[in-house]
Every structure is written in structure tokens, then in C-alpha cells.
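# Fold and contact review
Here are the chains, one letter per residue:
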Number of protein chains: 2
Amino acid sequence: MVPDASVEEIGSNQSFGGRQLRYRHRSTALDCDMTFSIYLPPQAQQGPVPVLYWLSGLTCTDENFVTKAGAQEYAAAYGIAIVCPDTSPRGEDVPDDAEGAYDFGLGAGFYVNATESPWAKHYKMYDYVVDELPALINDQFPIDGNKMSISGHSMGGHGALTIALKNPERYSSVSAFAPICAPIQCPWGQKALGQYIGDATDSIDPWAEYDTVELVKTSSKGTRGSLPVLIDQGEADNFLAEQLNTQLLIDTAASVAFPMRIRLQPEYDHSYFFIATFIEEHLKFHAENLR
Amino acid sequence: MVPDASVEEIGSNQSFGGRQLRYRHRSTALDCDMTFSIYLPPQAQQGPVPVLYWLSGLTCTDENFVTKAGAQEYAAAYGIAIVCPDTSPRGEDVPDDAEGAYDFGLGAGFYVNATESPWAKHYKMYDYVVDELPALINDQFPIDGNKMSISGHSMGGHGALTIALKNPERYSSVSAFAPICAPIQCPWGQKALGQYIGDATDSIDPWAEYDTVELVKTSSKGTRGSLPVLIDQGEADNFLAEQLNTQLLIDTAASVAFPMRIRLQPEYDHSYFFIATFIEEHLKFHAENLR
């Protein structure tokens, strides 16, 4: 199975018996060229394999996880492909934060569909990750599109959790490292949602659709299904107090009896050293749920 | 055991139950400030542990291996510290290649003691790696200085092999990924040795002291001891034909009956994806020889 001209290969390295690949393609949802990385385990040579989507955090591209997390070893062991999208639309005509801040605009798409000008033209990362990219991946690579899980880090942990909670029928499991649990209630989230989505104009709060704590609350009303959740959070994470609101998610999940495994890891910080330490357990968790 | 003011901590992250640390210090051998990274496995909290020195390749700093190789997992499993020096002297007053080339000067010290002007003042990476840095490490960290091994990649594979072959009593084992096996006979090595060391001025060839193939040849004359050697070389490595001379080392080792395990790995290239794939086996090899 060889991808066609709709994707252009821009990187290829042998890794743990499989292949770490990188592609460029034109995104309709984002109206720009995008890059993504995909690891194909050795098992993909025999037929379609399950797939884990990995969503990265602020300032990252599709490459940080690929070079730093050490996930290929376990993706090869469990026979799971890993797809890493970029973290925002890219290109000369894609608007960025007015002051080039790291936490909004380029590298900071927050996995939402922007509705406000000038962001709405390109910043449709929710549609890209949920619909466009999986359709392309399932079409072009040896992937079993019925076996998808999703994970991510920080802003990407927020993305993974909100996307999975809104689409539990599509994903077998979701995990996160140091996710932004309640963007409505932290500076990163308020800045992003305020500009991408704007203020609520009627009784419906549009921000709540992109807030894990809010989605967990409504999950108890039977409006959405459930799925296995694993979260790791370092206790020495510099962003824990101001930005992540982990305890609020723990309390909210308990209050509505939503089963979530949320582990606090002493001494670990917000870095990829933390992710690399626990990525094996996350791959194992997803492998068990993708069976 | 806490380091004193002779080293300044500039990075610290929890990793696989141990600690990935980074320091700055003044090097006497190199006459400049240097950085190095050291991973201390969890076992170092109980007492001195063996240590592996890792020498990186062209353009690298002390950080590439730390972020990309995934070695901490196995260093923690086997209870081995890993020390990563930088690849050249650094600083405003350290001379660089006239055209800023990637393969000479900054980031390209080649682990030799330069004798030619203007390089001789700072470019003493051999003395730094063999003497100054281990003395500092053994003094400041919970390291068993009698249990040292050494490894490296490309230019650093050349460094590890030549240093170990010249000092087999100091190292329990040596390994290398895609080493420059015969710098005398390749463009990278000829450029570096020609400028750092200069031409031979009498019957003694000073380049031969920094050439693995030449050192292996003379090892058979009883002038130096032996030690366990493991080398991995990717067959899809872009530099294999012109720069690395792996087959010459295989033939030379065979001709003098020097036992070396040299493995050719189909499809792997020169990248850290190659290193990450086989680093577990190298750590296991060193752990067995460090017992």
C-alpha cells in the first residue's frame, strides 16, 4: 500500500523495525499546506493496524513527539501506528498572535473550530483532527480506521480529552499527559477561546464544548457515552497550579461517577522526559482497548 | 552527594525514576566554559554507580543524545549513569571554521588534541574527555570511577573507539553507532586532522593515533591491550560509502584477530532513529562488562 500524490513524503527513517514517515499535504479544513508524521510498525507490512493519534502541546509541531517521546519502541511492540498532526494551521497567510506570543495563533490552535475573524478562515483544528486527517490516513495508509485511540500533552491533552469525550463512539480509549483540564478557567484557555470562539452571545456557552471538566459534567446526563481514560500529571509541573486544574477534573469526575484513572506522579515536570517515562504504559493501555 | 560550586546546574528533570541533569563548568583543558549532561539512575541514590560516556557526532551538543536516544530507560534498568560532553570547545573567543562549515571547528572537535595554530589553544577534546571530565565527574557525583565504558555516534563513534583503544585499562567496554572508522582515509577526517594536527613532520605519523583502523593494526603488536567492542552500522546510511569505512575496519580486525562484534543493520540510516532502536542492546552490552 503506497500513498498517492495527495500526500508528499518529506521524511522516512527506519525505526524499531518499522518506518517513521513524514508527509506534506493540502488541508481543505485548514485551507493551507500541513505536515504530519506517521509511524508504521512492522506489523503494517502484513495488513491494517490500529492507530493512535497524538496531539502535541503549545509551540510544538508534528515532530516533537516523534523525536523525543521514544514511543516507536512500544508502537512496534504492540503493532500500533501513531499519527502526529501539527498544532495549528501554517503558512504565510495564516494570521498569528499580534505579538507573536507562544500561547496563541501559530503552534497554538487549541484543537477548536474558530468562529471569530480573522481566525475562522484557517483555525479549524477540530475538524482537521476529527474528520479530515483520519479520512486521509485511512485512505492512504495500512490503517484499520475502526480502531482509533487518541492521546496528547498539555494543550494536546486538552485536545485529546475533549475530542474523545465528544466522539466516544469513534475512539477506543483516550489518554493525556498534563492536560489543560479546564480551559474556561485558566489563562491559556481564556486567551485562546476568547479570540478563536468569542464570548457567548446567547444562553448557550460555546466555550463549554471545548472544556474537559464541562464535558465530563454533562456526560452524566446521558447525552454522550463513555470511554476508558488514563491521565498522568507530574506533581513538579510548573504549570499545574495556574493552568492545568487537574484537581478540578478529579473532583468533577468523582462527582458524576465518571471512571477516570488520573495518576499524580511525584517529581515529574511538564517536559518530554516525563512523557518518555510513562509513554510505554499509555501505549499498553491503548493496545488493550484497541484489541 | 551534592556537587560543589565548581559546576553550575543549568537543567534538571525527573526521568525514569532518576534525574537528567545538565551543568556548566570551566574547563582547564579547553580554556573555556563548557556544558555537559549527566543522567543519574535511581540506584545512584544508594551509592556509586558505573558510568557510560557518550560522545556525539558533528553539529551536536551535549543535548542531542539526551533528548533523542531514549537511553534513560535502560540506564535506569541497569543502574548506569550516562555522561554526555559537548563536541568541541565553545565561546566567543574559540576559533571556528573560516566558512562556518559543519564539519570543522565548533561542534566538530573530533576528540583530538590540536597541535596547530590557532586550534591548539582550545581544541583539546581528547584531554577533556579522557582526563579532565572523568576527574570532575568522579569527584562531584555518585560515580564509581573504576567502572567506566564509552560509546558514541559517527565522529563520536570515532572518538569512543580511538579513546578506548588507546586506554583499554580505563574502560570496561566500548561501543559505537556508525563510527568514522578510518579518518585518515575519508574527507571528514582528512579535513579535521589536517588542520588540528597538521602534516607529519618526521617518520612518525601523528594522525595514526586518532585512527581506529591504524590503532587496531598496532594492537596486534602487543603495544596495547584489548577490550570488548560492539559496533552497529546501518546499511542505508548516506555516509557509509564515502566517510565511514566500516568494511576496512571489519577486514583489519579480522586480519589481526582483534575480536570485534560489528553488525550491519539493513534499512537503518545515520539518524537518531537508528541509535534509539539499538541503544537498549548497547546499554545491556556495557552493563554486562561493567559488572
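So, a few notes on the structure that sits alongside this text.

Under the fitted operation, chain B is carried onto chain A by 0.0 Å of movement along the axis and a turn of 180°, and the coordinates agree to an RMSD of 0.0 Å. Here the two chains are linked by the operation of a two-fold rotation axis. Mapped onto chain A, 94% of the interface residues of chain B are again interface residues, and the two copies thus contact each other with one and the same surface.

Right, let's talk about the packing of helix α4 (residues 155-166) of chain A against helix α6 (residues 212-219) of chain A for a bit. All names here are of chain A. In contact at an axis separation of 9 Å, α4 and α6 are set at 25° when each is read in the N-to-C sense. Taken together, the axes of α4 and α6 lie roughly parallel to each other. Where α4 crosses over α6, the two elements pack in a sense that is left-handed. Counting all contacts with α4, which are made through H158, L161, T162, L165 and K166, the residues of α6 involved are T212, L215, V216 and S219. Its residues assigned to classes, the contact of α4 with α6 shows 4 nonpolar, 4 polar and 1 charged.

Residues and elements named next belong to chain B. Largest kink in helix α3 (residues 125-140): about 35°, centred on L133, with the proline P134 one to four residues after it. Within the sequence span of α3, burial applies to M125, Y126, Y128, V129, V130, L133, L136 and I137. Buried residues in α3 make contact with β2 (18-27), β3 (32-40), β4 (49-55), β5 (81-85), β6 (143-153) and α4 (155-166).

This paragraph deals with the sheet that holds strand β3 (residues 32-40) of chain A. All names here are of chain A. Taken together, 9 strands build an open sheet; the order of strands is β1-β2-β3-β5-β4-β6-β7-β8-β9 and the sheet is mixed. Whereas interior strands pair on both sides, the edge strands pair on one side only; in this sheet they are β1 (7-15) and β9 (261-265). Adjacent strand axes in the sheet meet at a mean angle of 20°, parallel and antiparallel pairs treated alike. Here β3 pairs with strand β5 (residues 81-85) via 4 bridges, running antiparallel. Bridge assignment links I38 to a residue of β5, and that residue is V83. Sheet strands touched by helix α3 (residues 125-140): β1, β2 (18-27), β3, β4 (49-55), β5 and β6 (143-153). Its angle to β6, the strand with the most contacts, is close to 135°.

We now examine the pairing of β5(B). Residue and element names in this part refer to chain B. Within β5, 5 of the 5 residues are buried, leaving the element largely enclosed by the surrounding structure. Residue alternation in β5 divides its side chains into two sets, A81, V83 and P85 and I82 and C84, and both sets are buried. Sheet topology places β4 next to β5; 3 bridges connect them, and they run parallel. Bridged to L52 within β5 is I82.

A few words now on the interface of chain B and chain A. With 18 residues of chain B in contact, the opposing surface of chain A contributes 17 residues. Residue assignment for the side of chain B that touches chain A shows that the elements contributing at least two residues are β1 (7-15), α1 (64-68) and α9 (272-290) of chain B. The element best represented in the side of chain B that touches chain A is α9(B), accounting for 5 residues. Classifying every residue of the side of chain B that touches chain A by side-chain character gives 7 nonpolar, 8 polar and 3 charged.

Below, the discussion takes up α4(B). Residue and element names in this part refer to chain B. When the terminal C-alpha atoms of α4 are compared, their 17 Å separation across 12 residues agrees well with the 16 Å that a helix rising 1.5 Å per residue should span. Taking burial as the measure, the 12 residues of α4 include 11 buried ones, the bulk of the element. Regarding α4, the residues found buried are M155, G156, G157, H158, G159, A160, L161, T162, I163, A164 and L165. Along its buried surface, α4 packs onto β4, α3, β6, β7 (174-177) and α6 (212-219).

Time to look at the sheet that holds β3(B). Across the sheet, 9 strands lie side by side as β1-β2-β3-β5-β4-β6-β7-β8-β9 (chain B); this open sheet has mixed pairing. Looking at strand neighbours, the two that pair on one side only are β1 and β9 (261-265) of chain B, the edges of this open sheet. The sheet shows a mean angle of 20° between the axes of neighbouring strands, taken without regard to direction. Lying over the sheet, helix α9 (residues 272-290) of chain A contacts β1 and β2 of chain B, oriented at roughly 35° with respect to β1(B).

This next bit is on the environment of A:K217. All names here are of chain A. Within the secondary structure layout, K217 lies in helix α6. For the pair K217 and V256, spaced 39 residues apart in the sequence, the C-alpha separation amounts to 6.6 Å. Residues in contact with K217, not counting those within four places in the same chain, are T252 and V256.

Turning to the nonpolar core, a few remarks are in order. If you look at the biggest cluster of nonpolar residues, it comprises 96 residues, and the most contacted ones within it are B:V51, B:A75, B:I80, B:A81, B:I82 and B:V129. By residue number, the principal contributor to this core is α9(B), which donates 11 residues. Here B:I80 is in contact with B:P41, B:V49, B:P50, B:V51, B:L52, B:A75, B:L283, B:H286, B:A287 and B:L290, once residues within four sequence places are set aside. Ranked by size, the runner-up nonpolar core spans 95 residues in total, among them A:L58, A:F104, A:A108 and A:V229.

Residue A:S117 is joined to A:P118 through a cis peptide bond whose omega torsion reads 0°. Mapped onto the secondary structure, A:P118 falls in the loop between β5 and α3. Located in the positive-phi region is B:F110, a residue other than glycine, with phi close to 60°. Looking at where B:F110 falls in the secondary structure, it is placed in the loop between β5 and α3. Residues other than glycine seldom take positive phi values, yet B:E267 does so here, at roughly 80°. Judged by the 13 C-beta atoms lying within 10 Å of it, B:E267 is partly exposed.

Below, the discussion takes up the pairing of β6(B). Residues and elements named next belong to chain B. With 6 bridges joining them, β4 and β6 adopt parallel strand pairing. Opposite W54, over in β6, you have S151 as the bridge partner. For β6 and β7, the ladder comprises 4 bridges, and the chain directions are parallel. Paired with S151 across the bridge in β7 is S175. A crossover connection joins β6 to the parallel β7 through α4; in handedness this β-α-β unit is right-handed.

How each quantity is defined
Residues numbered from 1 in each chain as written. Chains lettered and ligands numbered in written order. Predicted model: local features only at pLDDT ≥ 70, side-chain atom pairs only at ≥ 80, totals over all residues. Least-squares fit on C-alpha atoms with pLDDT ≥ 70 in both. Contact = placed C-beta atoms within 7 Å. Axes fitted to C-alpha atoms, helices over the stretch in contact; angles between N-to-C directions. Helix = DSSP H or I, 4+ residues; strand = E, 2+ residues; numbered from the N terminus. Parallel < 35°, antiparallel > 145°, perpendicular 65-115°, else oblique. Left-handed = near helix turned anticlockwise from the far one by under 90°. Nonpolar A, V, L, I, M, F, W, Y, C, P; charged D, E, K, R; others polar. Bend = angle between axes of the 7 residues up to and from the residue. Buried ≥ 20, exposed ≤ 12 C-beta atoms within 10 Å, placed from the backbone. Pairing = 2+ DSSP bridges. Expected span 1.5 Å × (residues − 1). Core = buried A, V, L, I, M, F, W, Y, C linked by C-beta atoms within 7 Å. Right-handed = clockwise from strand over helix to strand, strands pointing away.

Shape is all these values report; function is a separate question.
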